[in-house]
Amino acid sequence: MDKTPQTDPRQSWTFSNSINSEIRRAADTGIYDIRGGGAKRRVPHFDDLLFLGASMSRYPLEGYREKCDTSVTLGTRFAKKPIELKIPVTIAGMSFGALSGPAKEALGRGATMAGTSTTTGDGGMTEEERGHSEKLVYQYLPSRYGMNPDDLRRADAIEIVVGQGAKPGGGGMLLGQKITERVAGMRDLPVGIDQRSACRHPDWTGPDDLEIKILEIREITNWEKPIYIKVGGARPYYDVALACKAGADVIVLDGMQGGTAATQDVFIEHVGQPTLACIRPAVQALQDLGLHREVQLVVSGGIRTGADVAKALALGADAVAIGTAALVALGDNDPKWESEYNKLGTTTGAYDDWHEGRDPAGITTQDAELMKRLDPEVAGRKLRNYLNVLTLECQTLARACGHNHVHNLEPEDLCALTMEAAAMAQVPLAGTNWYPGKPGF
Amino acid sequence: MTTTLDMTATELREVNTTLQAAAKAQANEAFEITNPRGSHAMACGLDGPLSVTIKGSTGYYCAGMNKEATVTVEGSAGPGVAENMMSGVVTIEGDASQYAGATGHGGLLNIKGNASSRCGISMKGIDIVVHGNIGHMSAFMAQKGNLVVLGDAGDALGDSLYEARLFVRGNVKSLGADCIEKEMRPEHIEILKELLEKAGADAKPEEFKRYGSARKLYNFNIDHADEY
């Protein structure tokens, strides 16, 4: 007897295996998923933009011969001592505590060799990073863990963190297994407790107060240090305008692909805007205030290649910051640890339980044995190499567009592959002279 | 000899530069600042033994990040007085606004009047003595140090408290999450006695109640979700 034909088993798009596994996990544990990293969902990104290159109407520069400058100065508005960087790529704030001491040292070494700055994070300034970072940005965070006037004065710049792209409006939680004696000592907390990083500052609310807070910090540091304000990609036009009002020298704008050490997955994936969507409104705010280039804009969140760097600059940024990519350059999620990732129930490229402190690569851990796996000199050289490649790629694209400084890249050098990217970046859809929302259409 | 800086004729930058240089010189000089007119960020970032008396009320962040210096405000202080103080003594003869002593790591903040909301928020080792009352959400997420209140405390005292000790003589309107009354043991009486003496407070340690962390929220537990 013939078998009755059947349709192939059909999986639900709404209730995918991934969604169902999260439902089962939630049902088993009764707690939301916490993880590190940034948004993993596909969002419009720099990949959706292309450079047009030179042709009849643009004159290219000769690769390997003609100069294409990459230097950037941050903090020219009010600070007596702005920061001079050789390249427009900086290292984003990541805490000692979330990262091991050797990892912080490696970041400092790599950044210094490449001629750029690195940044502290929640938990204060360590000797490893101050000692190995020629230019160090000291984060001023809501928790104020380890905050003190001596470190404030020995920093090269101060970054007031209002928010970050992975969790605009959210704080953090460093789980107890990473609160070792040293981490606890720096944070004035008992060893082994889950340590909460506050979501808002304890002694100011709003831009009017922040203006006075910045006055205080400038008075304490003799008006020498550039003051950055870091915001998550929430309402970039207004956030940037208000940061300028509050007196920022530099604004760091972090889109939703920007990483975190530990936050709820629901926060990472569902709050904030993609980096690509944030840049043009931010630049518009600066232009409306007549402060574009006077207040520098540093963009972060999902920067991976020199093309990403060049596109961010073309849209109006002065520099970019990298976090996740820097960790990957050091050795995070390296396939050589695949068997160990498997033991943790994950795989290379997907490992994101940074908060648990069991990182096989020895980067996002405080475990003394795991930490030994990272040689800060070797990792520092890898980061240097990676930063150099980002810079070379960015220069290559700038020369192809006829620019002798990467800051001369402009929106007119770009087109978009998708309607969404065209709308967000406000550059024409490829093959047209139109983008959604363009005036006059 | 006391040097007088008159803020009708001297800019804030010059006042602070003068004080910071004197502190750095470790000469234990004395300064008097007249006509402060509520200026912000006065006498902040002092790093050395120095005596500063401000003849009037101050704005935000007076004596911020103080180290070793003795700063006295002969008036009231605006928000964030002695924020992130490391050491030394800051005295407010009048009242203090919000966030007094926020995130302070050490030293003594002595408020002769009342303190507003969030007094001692995220304190990390500072001692704060308030001779009057304190407002709501005081000692929120307070980590270390001692907060002594001779009067009453407002709502949600010590919410999400870590290891700071809270001593209150008057009434507490309500306690915050994970903050409980604790036994006053002899060592606490000793600590309190010393602090009251230092602050020149007319009170007996035995009149106070001690509050501290129940430590139930130290490690996340879904069964405590209602507390948050």
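This one's a predicted model, so the numbers in the text were calculated from it and none came from an experiment. (Residues numbered from 1 in each chain as written. Chains lettered and ligands numbered in written order. Predicted model: local features only at pLDDT ≥ 70, side-chain atom pairs only at ≥ 80, totals over all residues.)

Participant: Can you break down the overall build of chain B residue by residue, with the values?
Facilitator: Secondary structure summary: chain B contains 2 helices and 11 strands in total. Going residue by residue from the N terminus, the α and β elements of chain B occur as β-α-β-β-β-β-β-β-β-β-β-α-β. The C-alpha radius of gyration of chain B comes to 18 Å, within 12% of the 17 Å expected for a compact globule of 228 residues. With respect to the principal axes defined by its C-alpha atoms, chain B has extents near 60 × 35 × 25 Å. Classification of the 228 residues of chain B by burial places 56% in the buried group. Within chain B, residue pairs in contact and separated by at least 24 positions form 24% of the contacts whose partners lie at least 6 positions apart. (Helix = DSSP H or I, 4+ residues; strand = E, 2+ residues; numbered from the N terminus. Rg over C-alpha atoms; globule rule 2.2 N^0.38 Å. Buried ≥ 20, exposed ≤ 12 C-beta atoms within 10 Å, placed from the backbone. Contact = placed C-beta atoms within 7 Å.)

Participant: Which residues make up the sheet that holds strand 15 (residues 319–322) of chain A, and what values go with them?
Facilitator: Residue and element names in this part refer to chain A. Strand order in the open sheet formed by 8 strands is 5-15-14-12-11-8-7-6, and the pairing between neighbours is parallel. Two strands bound the open sheet, and with one partner strand each, they are strand 5 (89–91) and strand 6 (118–119). One ladder, built from 5 bridges, connects strand 12 (residues 250–254) with strand 14 (residues 296–300); its direction is parallel. Counted as the bridge partner of I251 is L297 from strand 14. Of the strands in this sheet, strand 12 and strand 14 are in contact with helix 9 (residues 275–288), which crosses strand 14 at around 175°. (Pairing = 2+ DSSP bridges. Axes fitted to C-alpha atoms, helices over the stretch in contact; angles between N-to-C directions.)

Participant: Go over helix 6 (residues 206–220) of chain A with me, naming the residues and quoting the values.
Facilitator: With 15 residues, helix 6 of chain A extends 21 Å between its outermost C-alpha atoms, agreeing within 8% with the 21 Å of an ideal straight helix rising 1.5 Å per residue. Turning to helix 6 of chain A, its buried residues number three or more, namely P207(A), L210(A), I212(A), K213(A), I214(A), L215(A), E216(A), I217(A), R218(A), E219(A) and I220(A). Looking at the buried side of helix 6 of chain A, the elements it contacts are helix 4 (149–154), strand 8 (157–161), strand 11 (227–232) and helix 7 (236–246) of chain A together with helix 1 (12–24) of chain B. Just past helix 6 of chain A, the residue N222(A) takes up positive phi, approximately 60°. (Expected span 1.5 Å × (residues − 1).)

Participant: Break down the environment of D367(A) for me, with residues and values.
Facilitator: All names here are of chain A. Mapping D367 onto the fold places it in the loop between helix 12 (338–343) and helix 13 (368–371). Its 16 C-beta neighbours within 10 Å are what place D367 among the partly exposed residues. Residues D367 and T119 lie 248 residues apart in sequence; the distance between their C-alpha atoms is 22 Å.

Participant: Which residues make up the sheet that holds strand 3 (residues 51–55) of chain B, and what values do they have?
Facilitator: Residue and element names in this part refer to chain B. Judged by pairing direction, the sheet is mixed, and its 11 strands sit side by side in the order 1-2-3-4-5-6-7-8-9-11-10 without closing on themselves. Across the chains shown, the open sheet's two edge strands, defined by having one partner strand only, are strand 1 (2–6) and strand 10 (179–182). Between one strand and the next, the sheet's axes are offset by a mean angle of 15°, whatever the strand orientation. In the sheet, strand 5 (residues 89–92) pairs with strand 6 (residues 108–111) via 4 bridges, with the strands oriented parallel. Across the sheet, the residue bridging to V90 is L109, located in strand 6. Sitting on the sheet, helix 2 (residues 186–199) touches strand 6, strand 7 (124–130), strand 8 (144–149), strand 9 (165–168) and strand 11 (209–213), and the angle it makes with strand 8 is about 65°.

Participant: Go over unusual backbone geometry, please, and point to the residues and values.
Facilitator: Excluding glycine, residues mostly have negative phi values, and the peptide bonds linking residues are mostly trans. Residue and element names in this part refer to chain B. Phi is positive for R37, which is not a glycine, with a value near 50°. Looking at where R37 falls in the secondary structure, it is placed in the loop between strand 2 (30–34) and strand 3. Positioned with a positive phi, R118 is a non-glycine residue whose angle comes to about 60°. Structurally, R118 can be placed in the loop between strand 6 and strand 7. Residue R118 is classed as buried on the basis of its 25 C-beta neighbours within 10 Å.

Participant: Which residues make up the environment of G170(B), and what values do they have?
Facilitator: All names here are of chain B. Inspection of the secondary structure puts G170 in the loop between strand 9 and strand 10. Residue classification places G170 among the partly exposed residues on the basis of 16 C-beta atoms within 10 Å. Between the alpha carbons of G170 and I126 there is a distance of 21 Å; along the sequence they are 44 residues apart. Not counting the four nearest positions on each side in its chain, G170 is found in contact with V149, G151 and D152.

Participant: If you had to explain the interface of chain A and chain B to someone new, which residues and values would you point to?
Facilitator: Taken together, the contact pairs 20 residues of chain A with 33 residues of chain B. Ranked by the residues each element gives to the side of chain A that touches chain B, the list is headed by helix 6 of chain A, at 5 residues. For the side of chain A that touches chain B, the residue count by class is 11 nonpolar, 3 polar and 6 charged. (Nonpolar A, V, L, I, M, F, W, Y, C, P; charged D, E, K, R; others polar.)

Participant: I'd like to hear about the confidence of the model for chain B, residue by residue, with values.
Facilitator: The pLDDT averaged across chain B works out to 96; a share of 99% of its residues lies at or above 70. Scoring of the predicted complex yields 0.96 for pTM and 0.96 for ipTM. (pLDDT = per-residue confidence, 0-100.)

Participant: I'd like to hear about the pairing of strand 5 of chain B, residue by residue, with values.
Facilitator: Residues and elements named next belong to chain B. Going residue by residue along strand 5, you find V89 and T91 tucked away on one face and V90 and I92 tucked away on the opposite face as well. Of the pairings in the sheet, the one linking strand 4 (residues 70–73) to strand 5 comprises 4 bridges and is parallel in character. Residue pairing across strands places T72 opposite T91, the latter belonging to strand 5.

Participant: Would you mind going over the packing of helix 6 of chain A against helix 7 of chain A in detail, with residue names and values included?
Facilitator: All names here are of chain A. As a packed pair, helix 6 and helix 7 sit with axes 8 Å apart at the nearest point and diverge in direction by 40°. By the angle between their directions, the pair helix 6 and helix 7 is classed as oblique. Helix 6 and helix 7 meet at a crossing whose hand is right-handed. Counting all contacts with helix 6, which are made through P207, L210, E211 and I214, the residues of helix 7 involved are L242, K245 and A246. Here the contact of helix 6 with helix 7 is composed, by residue class, of 5 nonpolar, no polar and 2 charged. (Parallel < 35°, antiparallel > 145°, perpendicular 65-115°, else oblique. Left-handed = near helix turned anticlockwise from the far one by under 90°.)

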